[in-house]
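These are the residues of each chain, in order.
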Amino acid sequence: MSIKSRIYYVGIVGYGYMGNFHCKKVNETDGLKLRAVFDIDEKKTEEMELKDINIYKNMEDMCTDSAIDLIIICTPNDSHAQLAIKALEHGKHVLCEKPAAMSAAELDEIINKAEKYGKLFTVHQNRRWDKDYQTVREVLAGELIGQPVTIISQTFGQRGVCFGWRADPEKGGGMLYDWGIHLIDQLLLLFPERKVKSVYARLRSILTPAVDDYFEAELEFDNETVAHISVGTFALQDLPRWFIFGDKGTLRLDDFTGTAGGVSRIKEGVKDFQRVTKNQALGPSRTMAHLEKENLENIPLPSVEGINNFYQNLLAALNKEESEIVTYDEMRRDMQVLEAVFESSAKSQKIVTDI
Ligand code: NAD
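Parameters and conventions
The written sequence of each chain sets the order in which its residues are numbered from 1. The model is predicted, so local features are restricted to residues of pLDDT at least 70 and side-chain atom pairs to those at 80 or more, both for listing and for counting; the totals for chains, interfaces and linings are taken over all residues. In computing side-chain properties, one takes all heavy atoms of the structure into account and sets aside hydrogens as well as water. Each helix is a run of H or I in the DSSP string that is no shorter than four residues. Each strand is a run of E no shorter than two, and both are numbered from the N terminus. Partly exposed describes any residue whose relative accessible area lies between the buried limit of under 20% and the exposed limit of over 50%, with all areas from a 1.4 Å probe on protein chains only and scaled to the type maximum. Note on contacts: a residue pair is in contact if any heavy atoms of the two residues lie within 4.5 Å. Put simply, two rings from Phe, Tyr or Trp (the six-membered ring, in Trp's case) pair if the centres are within 6.5 Å, and we call them stacked under 30 degrees between planes, edge-to-face over 60, tilted for the rest. Residues are classed as near a molecule or strand on a simple rule: at least one heavy atom within 4 Å of it. Contacts described as polar in this section are N or O atom pairs within 3.5 Å, which, within protein, must combine one atom able to donate a hydrogen with one able to accept it, while residues neighboring in sequence count only if both atoms come from side chains. Surface accessibility in these figures is a Shrake-Rupley result with a 1.4 Å probe; residues are shielded only by whichever protein chains are displayed. In this scheme, strands are said to pair when DSSP sees at least two bridges between them. Angles shown run from 0 to 180 degrees and are taken between the N-to-C directions of axes, each axis being a line fitted to C-alpha atoms and, for helices, limited to the stretch in contact.

Peer 1: Looking at this structure, I do not really get unusual backbone geometry. What am I missing?
Peer 2: With the exception of glycine, the majority of residues adopt a negative phi angle, and the majority of peptide bonds are in the trans configuration. The residue after Lys98, namely Pro99, is reached through a cis peptide bond having omega -15°. In this structure, Pro99 sits in the loop between β5 (93-97) and α4 (104-117). Here the phi dihedral of Lys320 falls at roughly 60°; this positive angle occurs in a residue that is not glycine. Counting through the fold element by element, Lys320 comes out in the loop between α7 (310-318) and α8 (328-347). Residue class for Lys320 comes out exposed when judged on its relative accessible area of 71%.

The structure is reproduced here in structure tokens:
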């Protein structure tokens, strides 16, 4: 059998929301075949019993199934490292849900095992392909708003809840581990060559005791760009998903579609900043008054495809045709920033970093 036509047999650990998601992705990907599922809650796998899938009752059975090549970990966050290490020690490749681990030290333990056993370890940072984020990347790459001075990246729910284990600190609950890791990953990838030189953050439990159901973090890059990240579960008015102040213009993206919002900048050659729209509500002073419309250029938002090639890359990486799209360095930076956010909030002070 040529390497390209090889089938990789997959076991899924944790068959909840993301376990189901990965099951569908595996079924859609030629070259991957679902062989087994294990969930500590046996009810979760009842529906699978009718299909030609092995249902295991523990991780040991999953790991000792010699036909399994790849184990996908979709359990609550506190169990990722322990399960990933066990799978790697049994010679399995591992795809783990985010966050890769609870700390940078845990992540390093996993990476050391992957290197020791020569197996693939990757993390599902799927929000890199979201259309809103891809639109931000296009706007910045095209220098449509010049140099970004301040980037605001935020998302809020309205229901005020952290579901199930997400409300349990022992399980790795809270919004920083849940959504924060995605927003941190996205931001760091905007400036892969830059260092984060400080982090200042505040975690809050507004309606869910024991875990952060709200946090805000400020990351200062060594190119002087500052990023503000906020996530909360209880905001009953809408804020834009992204707002970026550039030195030549401004970007606002209202939601995850990447199509609602706009890019505005001053028309080429316009110098007459004295001419302003006198609107007391919008700008009740000369300084804050709006520019007249004819001096503003509203640029259409770039149209992005947002095609997620995570699984194609996974297969190519298993076949050693490509390297993994989510690198160890990127995982480490994500975890280091996340730890600095926790530390800053616990100490109520800015943390000087070199990440
Ligand atoms: P979930 O509660 O829907 O499912 C978790 C499942 O794991 C449950 O069925 C539970 O019974 C099972 N489980 C718990 N401990 C286990 C163990 N030790 N061994 C085997 N099974 C165990 O949770 P979810 O929303 O699917 O989240 C799972 C993971 O996926 C989390 O790490 C979360 O951060 C991540 N996630 C990622 C995304 C994304 O967009 N990438 C979205 C949602 C969740």
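Peer 1: It is not clear to me how the side chain of His22 should be interpreted in this structure. Could you clarify?
Peer 2: Along the chain, the position of His22 falls in helix α1 (residues 17-28). With near-sequence residues (within four places) excluded, His22 lies in contact with Ile12, Ile72, Cys74, Leu95, Glu97, His124 and Tyr311.

Peer 1: Sorry if this is basic, but what is going on with the packing of aromatic side chains here?
Peer 2: Centre distance and the angle of the planes are the two values used to describe a pair of aromatic rings. Scanning all chains against the criterion turns up seven aromatic pairs. A centroid spacing of 6.1 Å and a plane angle of 80° characterise the contact between Trp129 and Phe310, whose relative ring orientation is edge-to-face. Taken together, the positions of Trp129 in the loop between β6 (121-124) and α5 (131-141) and Phe310 in helix α7 put the pair 181 residues apart, joining distant regions of the chain. Linked through ring pairs, Trp129, Phe310 and Tyr311 together constitute an aromatic cluster.

Peer 1: Teacher, can you tell me more about the site of the ligand here?
Peer 2: Taken together, 23 residues sit near the ligand, with Met18, Asp39, Lys44, Asn77 and Asn126 positioned nearest. A distance of 2.8 Å separates an oxygen atom of the ligand from a polar atom in the side chain of Lys44. Here an oxygen atom of the ligand and a side-chain polar atom of Trp165 are 2.9 Å apart. A total of 850 Å² of accessible area belongs to the ligand in isolation, and the protein chains cover 86% of it.

Peer 1: Where do I start with the sheet that holds strand β12 (residues 249-253) in this structure?
Peer 2: Sheets are built from strands paired through backbone hydrogen bonds, the pairs being either parallel or antiparallel. The sheet built from nine strands is open, its strands ordered β16-β13-β12-β11-β7-β10-β9-β8-β17 with mixed pairing. Each edge of the sheet is formed by a strand with only one pairing partner; in this case those strands are β16 (296-299) and β17 (351-352). With eight bridges connecting them, strand β8 (residues 196-204) and strand β9 (residues 214-221) associate as antiparallel partners. When the bridges of β9 are listed, Val199 appears paired with Leu219. The strands that α8 touches are β8, β9 and β17; relative to β8, the one it contacts most, it runs at about 55°.

Peer 1: Explanation requested: helix α3 (residues 80-89) in the structure shown.
Peer 2: Each turn of an α-helix holds 3.6 residues, which means side chains three or four residues apart point in the same direction. Of all 10 residues in α3, seven are buried; the element is thus mostly enclosed. The inward-facing, buried residues of α3 contact β1 (8-13), α2 (59-63), β4 (70-73), β5, α4 and β6. Gly91, located one to two residues past α3, shows a positive phi value of around 80°.

Peer 1: Quick question: what am I supposed to make of the environment of Arg241 here?
Peer 2: By secondary structure assignment, the location of Arg241 is in the loop between β10 (226-232) and β11 (242-246). Placed 17 residues apart in sequence, Arg241 and Gly258 show a C-alpha to C-alpha distance of 9.3 Å. When sequence neighbours within four positions are dropped, the list of residues in contact with Arg241 reads Asp132, Ile152, Ser153, Gln154, Thr155, Leu183, Gln186, Leu253, Asp254, Asp255 and Phe256.

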